[in-house]
Amino acid sequence: MARRQESARGSMPLTELLSTKESRAMASFGVRDLDTMMRFAPRRYVSPAPLRDLHEVTEGEEVSAIVSVVSVRERTMRNRPGSVLEAVVSDGVEDLTLAFFLPKPHMVQWHRSRLPVGAHIVVHGTVGRNTYRDELQIAHPVYEPFEDTDDGRLFAQRPRPVYPLRRNIAQSTMRSATEKGLEFAEHLSCPVPAEVLAARGLLPLPQAVRRVHTPLTLEEARAGMAHLVFEEAFVLQAIFAQRRAQDERTPAPALRADGPLQGAFDARLPFELTAGQREIGDQLIRRIGRDHPTSALLQGDVGSGKTVIALRAMLRAVDSGHQAALLAPTEVLAEQHHRTITGLLGDLARGGQLDGHPDATRVRLLTGSQRTAGRRQTLLDVTSGEAGIVIGTHALLTESVEFASLALVVIDEQHRFGVDHRRRLRTKGALGRSPHVVVMTATPIPRTAALATVGDLDVLTLRESPGRRAGVASFVVHEESPRWEHRMWERAGEEIAAGRQVFVVCARIDEDAEDVPAPAVLDEHGQAQPPTLAPARGVTETAQRLAERPELAGARIGVLHSRLATEEKQDVMDRLVRGELDLLVSTTVIEVGVDVPNASVMIVLDAERFGVSQLHQLRGRVGRGEHAGIAFLDTRAKGGSEHSRHLQAIAGAADGFALAELDLERRGAGDLVGEEQSGLQRTLKHLDVIRDAAVIEQARQDAFAVIATDPDLAAHPALGGAIADRLRDADPDVERS
């Protein structure tokens, strides 16, 4: 963004507005100023029970009643310190006792002052029984003064906000704090222009927050929340619009050369590109041919050919006299990409060597654990420009890495990198020009989610598979059926006997460690419901148990997990690739980056504990060669249960696009871009990408229109402040430029 905007957090600090108790309660949720508190919405609302006559009430019933105070008396509690305050109330026909068990004298005085004889009140509570007197009473009811008018009755029946709570914080504290804040609602910072709100039929912010925190009806609460939802979408889309506007003003190398590397590479490809690959490849080529930086998301299912498309774009950068970099999230994946790309290029990757092609470039690998001598030579090649293509991990982002002329950056598994990583790479370009950035993902993102999570990127989607892989058939195995479980291990043994290899994936390393949390499921109200599951099995114990299974007799079993040293992990992978291991028991470290064409079976134990994208990536590890793959999703969930039905849906999903939609429906947007997702997405408070798809579209249109006429937001300082606050929430270290 062109300049730092004043933060909306310059608004009134809560320490100046609230009591110490109230401000501490809000601070426990990270809420420290008026603007943030007014946007701290209730989790839900509770509506009081319908107004009843006292002669109709029964024990155990939730009731609301309009009554008058007849008498108040106090007596000392027999078995503990404190007093019992009893207020007899009447609706003119029947009497009922309200009982308060109060340990401190000031509590007694507080209720006495609010329950004078003759006071008209509305009371809400659960009817209980005084067993000593054998009469009905309400213990610790909620009550407030009542005005006998139509408005008074409406107020008495209003829904009450229910806020999130932490230990030792009362709901009444949260309510009183927000009600105090509403007195200053006219001073709130309003990032959405008034004309946009009017055009969309939304309430002004002061009126909206009053309806959010003190609604008279649920309809009012929904109308108030509509403003907060739209505002959040609008600020998010304004961020994306500013980034795109900035890109339009930033120079970038125009990559327009047609050869010679591109033609030589295409001529030696051992397969024909599909029509879809050519179309998406051409779209990408057109984008990187512009003289301002492209930001694109290249998404496609496992095996759809994203790497080949990205490599052709990287060769275009080299042909145009520049460099290209490929950034991978792990060393395993970086090394895998290096092997794949050098294998595809052959002598085109051996620049400066006797057996290199006359037009060859150098392909270099740079990782954090690289030995000093090799790292020094790689850095020299990068700095001099001898290395046309550089593949690496986060090590590429360090200040010590200086490119001669970086023009294109490809980021693999984009959900492992934040926006700050993309922006940092933008500073690596030469002569003040920014490189083009292409991020790739094998976990497709449905369009509405893409607008909310990666809205600053152009989405290029590969929907067809080249069909060069044998493919994978998926099955759900319920352990409650021993016959099916036996057949699963028997089939694994048959594949091993045929010379192929098997992966077994567990949710944790050791079973005596703390159990891993299972992914939550959304209920019909959109609330997360943590599932109750049997303890997850671990890699260590599973490997021991499998060594004793008769179906796997003689199998050479290895283990792989994050606690192993780098050298140990590499040794295990080398043995697997050489065929010296038949079965590998692992955690999800093999989720990406493992390419073993001979592997044909994937068994995921406790499959209900894994996210949709994880299961999709895991089953993509088999069936990568000439042999068809089989994925078994093993579960101890009951057949017909929610978990079982979900796993059946995953097994039956045709591709990653169907799975992404399934994931949206089941779990919301949280898992769409991985656990280390974009910080902007992670901090969404009100916006739901399923429910609010239309709102996101509207907010995008409006935000882009505002930025088009005021890219630096000189005329919209409140929006600039909201953007600054939002970026700080997403990542305190994110670059603003």
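In what follows, the structure referred to is the one given above.
Conventions and cut-offs
Residues numbered from 1 in each chain as written. Predicted model: local features only at pLDDT ≥ 70, side-chain atom pairs only at ≥ 80, totals over all residues. Heavy atoms only, no water. Axes fitted to C-alpha atoms, helices over the stretch in contact; angles between N-to-C directions. Helix = DSSP H or I, 4+ residues; strand = E, 2+ residues; numbered from the N terminus. Left-handed = near helix turned anticlockwise from the far one by under 90°. Contact = heavy atoms within 4.5 Å. Nonpolar A, V, L, I, M, F, W, Y, C, P; charged D, E, K, R; others polar. Pairing = 2+ DSSP bridges. Core = buried A, V, L, I, M, F, W, Y, C linked by side-chain atoms within 4.5 Å. Buried < 20%, exposed > 50% of the residue type's maximum accessible area, 1.4 Å probe, protein only. Phe/Tyr/Trp six-rings, centres within 6.5 Å; stacked < 30°, edge-to-face > 60°. Lys NZ or Arg CZ within 6 Å of the ring centre and 35° of its normal. Patch = residues over 30% accessible without salt bridge, like charges linked within 9 Å, V, L, I, M, F, W, Y side chains within 5 Å. Areas by Shrake-Rupley, 256 points an atom, 1.4 Å probe, with all protein chains shown as cover. Salt bridge = Lys/Arg side-chain N within 4 Å of Asp/Glu carboxyl O. Lys, Arg positive; Asp, Glu negative; His and termini not counted. Charge placed at Lys NZ, Arg CZ, Asp CG, Glu CD. Polar contact = N/O pair within 3.5 Å; in protein donor to acceptor, adjacent residues only side chain to side chain.

Novice: Please provide a residue-by-residue account of the packing of helix α10 (residues 275-288) against helix α11 (residues 306-319), values included.
Specialist: Following both chains from N to C, one finds α10 and α11 inclined at 35°, their axes separated by 10 Å at the closest point. Seen along the crossing, α10 lies across α11 with a hand that is right-handed. In contact with Q277, R278, I280, G281, L284, I285 and I288 of α10, α11 contributes I309, R312, A313 and R316. Each residue belonging to the contact of α10 with α11 can be placed in one class, and the counts come to 6 nonpolar, 2 polar and 3 charged.

Novice: I'd like a rundown of the sheet that holds strand β16 (residues 472-478), residues and numbers included.
Specialist: Across the sheet, 6 strands lie side by side as β16-β23-β22-β17-β21-β20; this open sheet has parallel pairing. The open sheet has two free edges, formed respectively by β16 and β20 (557-560), since each of these has just one partner strand. Neighbour to neighbour, the strand axes of the sheet diverge by 20° on average, direction disregarded. Bridge analysis of β16 against strand β23 (residues 629-635) gives 7 bridges, and the strand direction is parallel. Residue H478 lies in a different strand from β23, and its bridge partner there is T635. Along the sheet, helix α20 (residues 642-652) contacts β16 and β23; its crossing angle with β16, the most-contacted strand, is approximately 165°.

Novice: Just give me the short version of the pairing of strand β6 (residues 135-139), but keep the residues and values in it.
Specialist: Relative to β6, strand β4 (residues 95-102) is paired through 3 bridges, and the arrangement is parallel. Bridge pairing in β6 places T97 opposite Q137. Sheet topology places strand β5 (residues 120-130) next to β6; 4 bridges connect them, and they run antiparallel. Note that in β6 the partner of G128 across the bridge is Q137. What sits between β5 and β6 in their antiparallel hairpin is a turn of 4 residues, with D134 showing a positive phi close to 55°.

Novice: Any details on the nonpolar core? Residues and values, ideally.
Specialist: The biggest cluster of nonpolar side chains holds 42 residues, and the ones touching the most others in it are M314, L345, I389 and L408. In terms of residue count, the dominant contributor to this core is α11 (9 residues). Listed in part, the 29 residues of the second largest apolar core include V192, L236, A722 and I723.

Novice: With reference to specific residues and values, describe the environment of I309.
Specialist: Turning to its location among the elements, I309 is positioned in helix α11. For I309, a relative accessible area of 3% translates into the label buried. Ignoring any residue separated from it by four or fewer positions in sequence, one finds I309 in contact with Q277, I280, G281, L284, L298 and L462.

Novice: Just give me the short version of the packing of aromatic side chains, but keep the residues and values in it.
Specialist: Ring pairs (aromatic) are described by centroid distance and by the angle formed between their planes. Evaluated as defined, the whole model comprises 4 aromatic pairs. Between the aromatic rings of F29 and F40, the centroid separation amounts to 5.2 Å while the plane-to-plane angle is 45°, which identifies the pairing as tilted. On the criterion of sequence distance, the pair formed by F29 in the loop between α1 (20-27) and α2 (34-38) and F40 in the loop between α2 and β1 (44-46) is long-range, its members being 11 residues apart. What makes F29 buried here is its relative accessible area of 19%. Measuring from ring centre to ring centre gives 6.1 Å for F230 and F234, while their planes differ by 20°; the resulting arrangement is stacked. Taken together, the residues span about one helical turn, with F230 and F234 both in helix α8 (residues 218-249) at a distance of 4 residues. Each member of the pair, F230 as well as F234, is classed as buried. Residue placement shows R78 over the ring face of Y132; its charged tip is 5.3 Å from the ring centre. Seen from the ring of F155, R158 lies directly overhead, with NZ or CZ sitting 3.8 Å from the centre.

Novice: Give me the lowdown on a negative patch on the surface, citing residues and values where you can.
Specialist: A contiguous patch of negative charge, built from E567, E568, D571 and D574, is present on the exposed surface. Take E568: its relative accessible area is 44%, and that puts it in the partly exposed class.

Novice: Go over the side chain of H686, please, and point to the residues and values.
Specialist: With respect to the helices and strands, H686 occurs in the loop between α22 (679-682) and α23 (693-709). Side-chain polar atoms of H686 contact the backbone oxygen of R39, separated by 3.1 Å. Contact partners of H686, with chain neighbours within four places excluded, come to R39, A41, M225, L228, V229, E232, R691 and D692.

Novice: Please provide a residue-by-residue account of the pattern of salt bridges, values included.
Specialist: This structure, assessed with the given rule, holds 44 salt bridges. Linking R268 and D347 is a salt bridge whose minimum nitrogen-to-oxygen distance equals 2.5 Å. With a gap of 79 residues between them, R268 in helix α9 (residues 261-268) and D347 in the loop between α12 (331-345) and β11 (362-366) connect regions that are remote in the sequence. Taking the relative accessible area as the measure of exposure, R268 reaches 34% and is therefore partly exposed. Residues R691 and D692 are paired through a salt bridge, measuring 2.7 Å at the closest nitrogen-oxygen approach. Residues joined by salt bridges that share partners form a network here, namely R487, E490, R491, E494, E495 and R500.

Novice: Before we move on, could you go through the environment of A547 and cite the residues and values that matter?
Specialist: Assignment of secondary structure puts A547 in the loop between α17 (539-546) and β20. A relative accessible area of 53% places A547 in the exposed class. Each C-alpha atom of the pair A547 and I557 lies 7.4 Å from the other, and the pair is 10 residues apart in sequence.

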